[in-house]
Amino acid sequence: MPQARTEERSAKEQIARQIRRNIVTSTTAAGSGHPSTSLSMVEVITQLFFGGVMRYDVKDPHNRERDRFVLSKGHGAPGLYAVLAEAGFFPVEDLATLRKLGSPLEGHPNMARLPGVEASTGSLGQGLSMGIGHALGARLDGLDYRVYVMTGDGEMEEGQVWEAIMYAGNHGIDNLTLIVDHNKYQQTAAVDEIQPLDPLDDKIKQFKWETTSIDGHSFDEVEKAFDWAVGIKGAPQAIVANTVKGKGVSLLDSEPGKWHGKPIPPEEEAKALEEIGA
Amino acid sequence: MTFGMSRITLDEGDPTRRAFGDALAEAGSDERIVVLDGDVNNSTYTMDFKDKYPERFFNVGIAESNLVGVAGGLAACGKIPVAASFSVFLLANAYDQIRMSVAFPNQNVKLVGTHAGISIGDDGPSQMGIEDVALACSLPGFTVIVPADAASTTAATHAMIERDGPTFLRCGRPKVPVVYDNGDSFEVGKANKVRDGDDVTIIANGIMVAMALDAAEGLATEGVEARVLDMHTVKPIDTAAIEQAAAETRGIVVAEEHLAWGALGAAVAMVVGEHHPTRMSFVNIGDTYATSGKPDQLLEKYGLTPDAIIDAARRVLKD
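Since the model is a prediction, treat every value here as computed from it, not as a measurement.

S.K.: Tell me about the overall build of chain A, and please be specific about residues and values.
M.R.: When you go through chain A residue by residue, the secondary structure sums to 11 helices and five strands. Reported as C-alpha extents along the three principal axes, the dimensions of chain A are approximately 50 × 45 × 35 Å. A buried classification covers 54% of the 278 residues belonging to chain A. Nonlocal contacts in chain A, meaning residues at least 24 apart in sequence, comprise 75% of its contacts between residues at least 6 apart.

S.K.: Requested: an account of the overall build of chain B, with residues and values cited.
M.R.: A count of helical and extended segments in chain B gives 13 helices and 14 strands. Relative to a compact globule of 319 residues, whose C-alpha radius of gyration would be 20 Å, chain B shows 19 Å and is just as compact. When burial is assessed residue by residue, chain B has 61% of its 319 residues classed as buried. Intrachain contacts of chain B at a sequence separation of at least 6 include 80% that bridge at least 24 residues.

S.K.: Can you explain the interface of chain B and chain A? Please cite residues and give values.
M.R.: Tallying the contact residues gives 23 residues for chain B and 19 residues for chain A. Counting only elements with at least two residues in the side of chain B that touches chain A, the list comes to helix 4 (64–76) and helix 6 (95–103) of chain B. Per element, the largest residue contribution to the side of chain B that touches chain A is nine residues, and it comes from helix 4 of chain B. Residue classes in the side of chain B that touches chain A are distributed as 11 nonpolar, nine polar and three charged.

S.K.: Can you explain the sheet that holds strand 2 (residues 33–37) of chain B? Please cite residues and give values.
M.R.: In sheet architecture, strand pairing relies on hydrogen bonds along the backbone and comes in two forms, parallel and antiparallel. Residues and elements named next belong to chain B. Judged by pairing direction, the sheet is mixed, and its seven strands sit side by side in the order 3-2-4-5-7-6-12 without closing on themselves. Only two strands of the sheet have a single partner each, and these edge strands are strand 3 (57–59) and strand 12 (233–235). The sheet shows a mean angle of 20 degrees between the axes of neighbouring strands, direction not considered. Both strand 2 and strand 3 contribute to a ladder of three bridges, which runs parallel. Within strand 3, the position partnered with L36 by the bridge is F58. Of the strands in this sheet, strand 2, strand 3 and strand 4 (80–86) are in contact with helix 4, which crosses strand 4 at around 165 degrees.

S.K.: How would you explain the packing of helix 3 (residues 42–50) of chain A against helix 9 (residues 219–231) of chain A if you had to name every residue and give the values?
M.R.: Residue and element names in this part refer to chain A. Closest axis-to-axis distance for the helix 3/helix 9 pair is 10 Å, and the angle between their directions is 50 degrees. Regarding the angle of helix 3 to helix 9, the classification is oblique. Crossing handedness for the pair helix 3 and helix 9: right-handed. Contacts from E43, V44 and Q47 in helix 3 reach F219, V222, E223 and F226 in helix 9. A breakdown of the residues in the contact of helix 3 with helix 9 according to their chemical character gives four nonpolar, one polar and two charged.

S.K.: Please provide a residue-by-residue account of the sheet that holds strand 1 (residues 68–71) of chain A, values included.
M.R.: All names here are of chain A. Pairing is parallel across the open sheet formed by five strands, whose spatial order is 1-2-3-5-4. Strands at the two margins of the open sheet, each flanked by one partner only, are strand 1 and strand 4 (210–215). Going across the sheet, the axis of each strand differs from the next one's by a mean of 20 degrees, ignoring polarity. Direction of pairing for strand 4 relative to strand 5 (residues 237–242): parallel, over a ladder of six bridges. Within strand 5, the residue paired with T211 across the bridge is A238.

S.K.: Account for the domain arrangement of chain B, with residues named and values stated.
M.R.: All names here are of chain B. Domain annotation for chain B reports domain 1 (3–170) and domain 2 (189–317). When each unit is reduced to the centre of its C-alpha atoms, the spacing between domain 1 and domain 2 is 25 Å. Between domain 1 and domain 2, the residue contacts involve 24 residues of the former and 30 residues of the latter. Residue assignment for the side of domain 1 that touches domain 2 shows that the elements contributing at least two residues are helix 7 (132–137), strand 6 (143–145) and helix 8 (150–162). Its residues assigned to classes, the side of domain 1 that touches domain 2 comprises 14 nonpolar, seven polar and three charged.

S.K.: Talk me through helix 4 (residues 77–87) of chain A; I want residue IDs and the actual numbers.
M.R.: Residues and elements named next belong to chain A. Taken across its 11 residues, helix 4 has nine buried, putting it largely inside the fold. Among the residues of helix 4, those classed as buried are A77, P78, G79, L80, Y81, A82, V83, L84 and A85. The inward-facing, buried residues of helix 4 abut helix 1 (9–30), helix 2 (35–39), helix 3 and strand 1. At the C-terminal side of helix 4, G88 shows a positive phi close to 105 degrees.

S.K.: Pulling in residues and values, what's your account of the environment of G52(A)?
M.R.: For G52(A), the position within the fold is in the loop between helix 3 and strand 1. Looking at G52(A), the number of C-beta atoms within 10 Å reads 17, which means it is partly exposed.

S.K.: Can you lay out the pairing of strand 7 (residues 167–170) of chain B for me, pointing to particular residues and giving the numbers?
M.R.: Residues and elements named next belong to chain B. The two faces of strand 7 match: T167 and L169 on one face and F168 and R170 on the other face are all buried. Note: strand 6 against strand 7, three bridges, orientation parallel. Within strand 7, the residue paired with I145 across the bridge is L169. As a crossover connection, the stretch from strand 6 through helix 8 into strand 7 is right-handed.

S.K.: Tell me about the confidence of the model for chain B, and please be specific about residues and values.
M.R.: Low-confidence regions, as indicated by low pLDDT, have predicted coordinates that should not be scrutinised in detail. Residue and element names in this part refer to chain B. Residues with a pLDDT of 70 or more make up 96% of chain B, whose mean pLDDT is 95. Per-residue pLDDT stays below 50 along residues 6–11; that stretch engages in nine contacts with residues further than four places along the chain or on separate chains. Across the whole predicted complex the pTM is 0.96, and at the interface the ipTM reaches 0.95.

S.K.: Break down helix 6 (residues 159–170) of chain A for me, with residues and values.
M.R.: Across its 12 residues, helix 6 of chain A extends 17 Å between first and last C-alpha, which sits within 8% of the 16 Å expected from 1.5 Å per residue. Every buried residue belonging to helix 6 of chain A is among Q160(A), V161(A), E163(A), A164(A), I165(A), Y167(A), A168(A) and G169(A), and all of these are buried. Elements that come into contact with the buried residues of helix 6 of chain A comprise helix 5 (127–141), strand 2 (147–152), strand 3 (176–182) and helix 8 (200–205) of chain A together with helix 4 of chain B. Of the residues one or two after helix 6 of chain A, G172(A) is the one with positive phi, at around 55 degrees.

S.K.: Summarise the nonpolar core; cite the residues concerned and give the values.
M.R.: Residue and element names in this part refer to chain B. Membership of the largest hydrophobic core comes to 192 residues, with the highest contact counts inside it found for I202, A212, V253, I309 and A313. Ranked by residues supplied to this core, first place goes to helix 9 (residues 208–220) with nine residues. When neighbours within four sequence positions are excluded, V253 is seen to be in contact with V200, I202, S281, V283, I309, A312, A313 and V316.

Criteria and thresholds
- Residues numbered from 1 in each chain as written.
- Chains lettered and ligands numbered in written order.
- Predicted model: local features only at pLDDT ≥ 70, side-chain atom pairs only at ≥ 80, totals over all residues.
- Helix = DSSP H or I, 4+ residues; strand = E, 2+ residues; numbered from the N terminus.
- Buried ≥ 20, exposed ≤ 12 C-beta atoms within 10 Å, placed from the backbone.
- Contact = placed C-beta atoms within 7 Å.
- Rg over C-alpha atoms; globule rule 2.2 N^0.38 Å.
- Nonpolar A, V, L, I, M, F, W, Y, C, P; charged D, E, K, R; others polar.
- Pairing = 2+ DSSP bridges.
- Axes fitted to C-alpha atoms, helices over the stretch in contact; angles between N-to-C directions.
- Parallel < 35°, antiparallel > 145°, perpendicular 65-115°, else oblique.
- Left-handed = near helix turned anticlockwise from the far one by under 90°.
- Domains from an automatic or database assignment.
- Right-handed = clockwise from strand over helix to strand, strands pointing away.
- pLDDT = per-residue confidence, 0-100.
- Expected span 1.5 Å × (residues − 1).
- Core = buried A, V, L, I, M, F, W, Y, C linked by C-beta atoms within 7 Å.

Here it is in structure tokens:
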């Protein structure tokens, strides 16, 4: 298993810009999808795949010793696909086929069709349970791989998430890290208007997890959080990543409640890409 | 692959859930097998596996959604997860998890639902899995098995584990009569002809197979020779056996301990309608939930008896 890729800060920032660009262009080309949901997770997934966190082998994507990333918030698929393409699981040009007939880049992730996708998701609340299964698999096989699961904040309204949190905490599953992409908005309104969650880290902590709350767009804080998580023994770890829905594109992040599940119109695309700077 | 039943020695009339538990513990020497429990292992009999292989047994608590999701993750690691709970809680409570973690990615997860049907008795309708076969059959790629007795459940358990792909095995709570002799065989997807006859065919599974045999004896006293097919595999269904029955007998009765919609009756009717239309009638719970009561009282009340099958056969044979 190759060592994790550890890029310099400037390189990571460039990769993050490239991922943002591909999120925008792929969803605008598709004419549908969730760019704002994807843009909020960019620094976290960049750090996972390019910051020395995850070990993976794009030539052997099912290597049993690989670390796993499960995107439970499956509507963030454009972000997942962009980072997988950047990492080399498939050609970047394939991102243009997002949501098109025949493409394995479906509207939501399909593990049976695309290498690098560890769980089929899109029905919210289920990825952490699947991640626990992967984590228990490491225990059974005596392997030391780690499992990273990302949920959305609105997704924390699903009861299954808390079944899984209870189980992982009670059983001290410490090769498991949950990242909550806390971008504060769900489909129709702010999370605070629907089901206020905060203080989310304290809630999770009550289930015998170790938790931390960070700025999910600061590479400094994201890097430190993963270093911290890897060092925890005997308990699963949760990182509440405070993020901005639509981060990096003013059209979206100035009105984060307005753009759920909406691509950037073609006439706005050039300005968005200019702002991203890729 | 055909699984002989000769190696199985069971006390006459064991519950199918008991046979499943024994077979699972026996199959457990295969280290790929992991068992997931929703804290009902002394009801599903996965406790025997738990005692033998505690490191591969996970009681996730009363949380069927998480149970199925975890099973999906373990399957992705190459394990053979056997997820067992009461049929209604597993199939109905965790249906979307089964869809997302098992069926849609076509994962090698084995779902075993016990306490199926109204024959659980006193506990009442909230505990009765009577929609479970329809729910499982509706999932693309699923194999659905409803064995008739202990010996065939043992064989079905081994066959399910050998066979790659998502599977639902349905077991019951009460003791059930012995249908099979030592030496009979069991093959997934292939009906067992447990009685020959050329006048009418009774296609049944689960506890209704023994009743179908009783009904056939009763019909024989009227000079009607009934063929009885144990259609233990509802999906994939044995199309050839159904076509043959439709061609060689004057009609088909389908008997199952399930609601009317979407299970064995529907599966047989699809084959009959497309390949060899013939007269049919159906014995099932109908379109209603049951009540509490003793198993025999409930089976009588909801029309799951040999007499009900005989009546259905008479309807089919009526000019």
